[in-house]
Amino acid sequence: MPDTLTPESGVIAVPSAPPAETRAMRLRNFWSDYRQSWVAIAALIVIVALLVGSFGAPFLVPQDPYDLAKLDWMDAFLPPGTEGSGGYVHLLGTDNAGRDMLSAILYGLRTSFVIGLSAGALALVVGITVGLTAAYFGGRIEALLMRIVDLQLSMPAILLALVMVAMLGQGIPQIIFALVVAQYAYFARTTHGAASVERRKDYIEAARSTPLPTWRIMFKHLLPNVLPPLIVVATVQVASAISLEATLSFLGVGLPLTEPSLGSLISNGFKYIHAGRYWLSIYPGVFLMITVVAINLVGDQIRTVIDPRNSR
Amino acid sequence: MFGYLVGRLSQAVVVVFAMSVIVFVGVYAIGNPIDVMIDPGATAEIRENLIRQYGLDQPLWRQYFTFVGNVFQGDLGQSMVYNISVTSLVFSRLPATLELVLVSVTIAAVVGIPAGLYAGYRPNSIGAKLIMALSVLGFSVPTFWIGMLLIMAFAVELGWLPSGGRGEVAEFLWFKTSLATSNGWSHVIMPAINLSLFKMGLLIRLTRAGMVEAMGAEYVRFARAQGLPDRQIVFSHILRNISIPVITVFGLELGSTLAFAVVTETVFNWPGVGKLIIDSILQLDRPVMVSYLVMVVILFVLINLIVDLIYARLDPRVRLKGGS
């Protein structure tokens, strides 16, 4: 196309912080596109319900599953729907220590959410910083940083996380760190891709000609324009962090049963499946699956909505 | 091309060196393996001797150089738990992993490619939607959970298949494999299916995307205009055209199948290298950990190198940009 002013370049040249009104309008447009898919609506509702259920667990469930004083060995291995010594019905049964499974699952889900969300957020910050730095400065810095990122992306995340956990040991902070190391590269790649395109545009050149500090141009001018694709990556990576953590805990190198996540619950229940006590591992697994699939469905729909090829 | 080759090779060497240092230091920073190995009641003298025997009294950098020196002589050290050399330990476990990976890759290809072709050929049919939904599940549901469901269904409830372990092995050509016995097959089939699901999902998506694109291409319309039957267009024209990207990604993914085998082998108690690495992490068997990790790094760097070189061979622009 010749050097005419395309509508696209006109849109991009809007100042980096649009007035509140257009932002609200954009949000409304986004929402009306999003709700075209009832599957995506259902997935969103499921996620909200799971978040409320897990973070509100202390107020919702009959038992604090990790207060050892409240556990009764007489209640061990009660099948789902039996009334225990506490005088209430164990909807999903009890485990080998007499824990109410529903309570344990909601507490475990909370741990999984905390790990998934904080690992996702930290990986986002690290990835954005690496990707923006590479795209903004270019040259040797870019070559070095993106080479490391590419190398990491060629290795499966589960392997990197395994290596990190092997080095750092068990515990929530260690797991989060391992997940960030394993996942930041996805954000860095996406940021770098979008930012190298934006970097060449006139508004960045214009900003660079002013005495604004470099970090300000990077984070206030460049960053807002590369955010949309990152939202999709962030959604998918939170789901993948939750499932990676569950996998590590299942393998026995993640969280111990004293700090349970869904993975450690499943791992504990796995020991009893040959005895026909399916509820110890099936139910935490069902919650894990629903959580991961719902987050992925929401991510898919966001991708569809913000993809410029689909805009009307 | 030669300059590019040298540049990439030296980069690969630097990466392997850096990673081996990180892994070595990282692994040696955790715990004290001597405590795991010996009886807490052992005398201080036995302790001292053992520490000296494994060279743990030396400074870390000297331990590292001893390790590297030994690696170049083909010696990866002694396992602290099994008390045999790491090399023979890994090689004794490798056939089990390789046969598992081989069967699962075959399943993924045999099921995934036709399913993807169909989903691309009739993208709006119910069958295609079902196939795509299943591929999303294969991607997003954790491998270990599906493996557990398989065990519950086919081993515990139905009792059709054994729940884990490797079956009888028999001599086939010059090596022992469980694929030569029917008992072996009954053991391998469930873990192989479990391991294949992720790859199958990937193959379905790749083949479908290629198929959808090809269906609108000029050469397909031309073949249609000639009056060729659809069967012939799909299998001799389209399949040939989309096979190149499919094979490339498939080859690249072989390495990651090896990594996912860690999970599947643990679920099904399969005695391969994946189970070995998990056990060595849990038992703090440092020489096994370090050797396995360094081997994996070398494997992935090699795969990357080969891909880069093939691309450079195919696309002159890549090699002209140089080995930056």
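Scroll up to find the structure.
Values in this document were obtained by computation on a predicted structure and should not be read as measured data.

1. Notes on the overall build of chain B
At step 1: Counting its secondary structure elements, chain B contains 13 helices and two strands.
At step 2: Relative to its 324 residues, chain B shows a buried fraction of 44%.
At step 3: Of all intrachain contacts in chain B linking residues separated by at least 6 positions in sequence, the fraction that spans at least 24 positions is 71%.
At step 4: Of the roughly 16600 Å² of accessible surface on chain B, 67% is carried by carbon and sulfur atoms.

2. Let's talk about a nonpolar patch on the surface
At step 1: A surface patch of nonpolar side chains, about 440 Å² in accessible area, is lined by Ile298(B), Leu302(B), Ile306(B), Ile310(B) and Tyr311(B).
At step 2: Counting through the fold element by element, Leu302(B) comes out in helix α12 (residues 286-314).

3. Observations concerning the interface of chain A and chain B
At step 1: Taken together, the contacts link 33 residues of chain A with 38 residues of chain B.
At step 2: Taken together, both faces of the contact between chain A and chain B bury some 3200 Å²; the carbon and sulfur share is 82%.
At step 3: Between the two partners, chain A and chain B, sit one residue pair in polar contact (both at pLDDT 80 or more).
At step 4: Elements with a minimum of two residues in the side of chain A that touches chain B: α6 (139-154), α7 (157-168), α10 (214-251), α11 (262-270) and α12 (279-306) of chain A.

4. Overview of the pattern of salt bridges
For side chains of opposite charge, pairing can occur when their charged atoms come near one another.
All names here are of chain A.
At step 1: All chains considered together, the criterion is met by eight salt bridges over all chains.
At step 2: For Arg189, the salt bridge goes to Asp150, with nearest N and O atoms at 2.8 Å. Within this pair, whereas Arg189 is found in helix α8 (residues 172-199), its partner Asp150 is found in helix α6, the two being separated by 39 residues in sequence.
At step 3: Among the salt bridges present, the one from Arg208 reaches Glu205, with a minimum N-O distance of 3.9 Å. Of this pair, Arg208 and Glu205 both sit in helix α9 (residues 202-208), three residues apart, roughly one helical turn.
At step 4: Note on Arg208: relative accessible area 39%, which makes it partly exposed.
At step 5: For Glu205, a relative accessible area of 42% corresponds to the partly exposed category.

5. What about the packing of helix α9 (residues 218-225) of chain B against helix α10 (residues 230-267) of chain B?
Residues and elements named next belong to chain B.
At step 1: α10 packs onto α9 with a crossing angle of 155 degrees between their chain directions and a minimal axis gap of 11 Å. It follows from the interaxial angle that α9 and α10 lie roughly antiparallel. Classified by chirality, the crossing of α10 by α9 is right-handed. For the pair α9 and α10, contact is made by Tyr219, Val220, Ala223 and Arg224 and by Asp230, Ile233, His237, Ile238 and Asn241, respectively.
At step 2: Residue composition of the contact of α9 with α10, by class: five nonpolar, two polar and two charged.

6. So, the side chain of Ser243(A)
At step 1: Residue placement: Ser243(A) occurs in helix α10.
At step 2: Ignoring sequence-local partners within four residues, the contact set of Ser243(A) consists of Val292(A) and Pro142(B).

7. Section: the packing of aromatic side chains
At step 1: Inspection of the entire model under this criterion finds six aromatic pairs over all chains.
At step 2: With centroids separated by 5.2 Å and ring planes inclined at 80 degrees, the aromatic side chains of Tyr136(A) and Phe137(A) adopt a geometry described as edge-to-face.
At step 3: Within the aromatic cluster, the residues linked to one another by ring pairs are Phe250(A), Phe270(A) and Phe144(B).
At step 4: The side chain of Arg199(A) reaches across the aromatic face of Tyr136(A), ending 5.0 Å from its centre.

Calculation rules
Residues numbered from 1 in each chain as written. Chains lettered and ligands numbered in written order. Predicted model: local features only at pLDDT ≥ 70, side-chain atom pairs only at ≥ 80, totals over all residues. Heavy atoms only, no water. Helix = DSSP H or I, 4+ residues; strand = E, 2+ residues; numbered from the N terminus. Buried < 20%, exposed > 50% of the residue type's maximum accessible area, 1.4 Å probe, protein only. Contact = heavy atoms within 4.5 Å. Areas by Shrake-Rupley, 256 points an atom, 1.4 Å probe, with all protein chains shown as cover. Patch = residues over 30% accessible without salt bridge, like charges linked within 9 Å, V, L, I, M, F, W, Y side chains within 5 Å. Salt bridge = Lys/Arg side-chain N within 4 Å of Asp/Glu carboxyl O. Buried area = accessible area lost by both parts, 1.4 Å probe. Polar contact = N/O pair within 3.5 Å; in protein donor to acceptor, adjacent residues only side chain to side chain. Axes fitted to C-alpha atoms, helices over the stretch in contact; angles between N-to-C directions. Parallel < 35°, antiparallel > 145°, perpendicular 65-115°, else oblique. Left-handed = near helix turned anticlockwise from the far one by under 90°. Nonpolar A, V, L, I, M, F, W, Y, C, P; charged D, E, K, R; others polar. Phe/Tyr/Trp six-rings, centres within 6.5 Å; stacked < 30°, edge-to-face > 60°. Lys NZ or Arg CZ within 6 Å of the ring centre and 35° of its normal.

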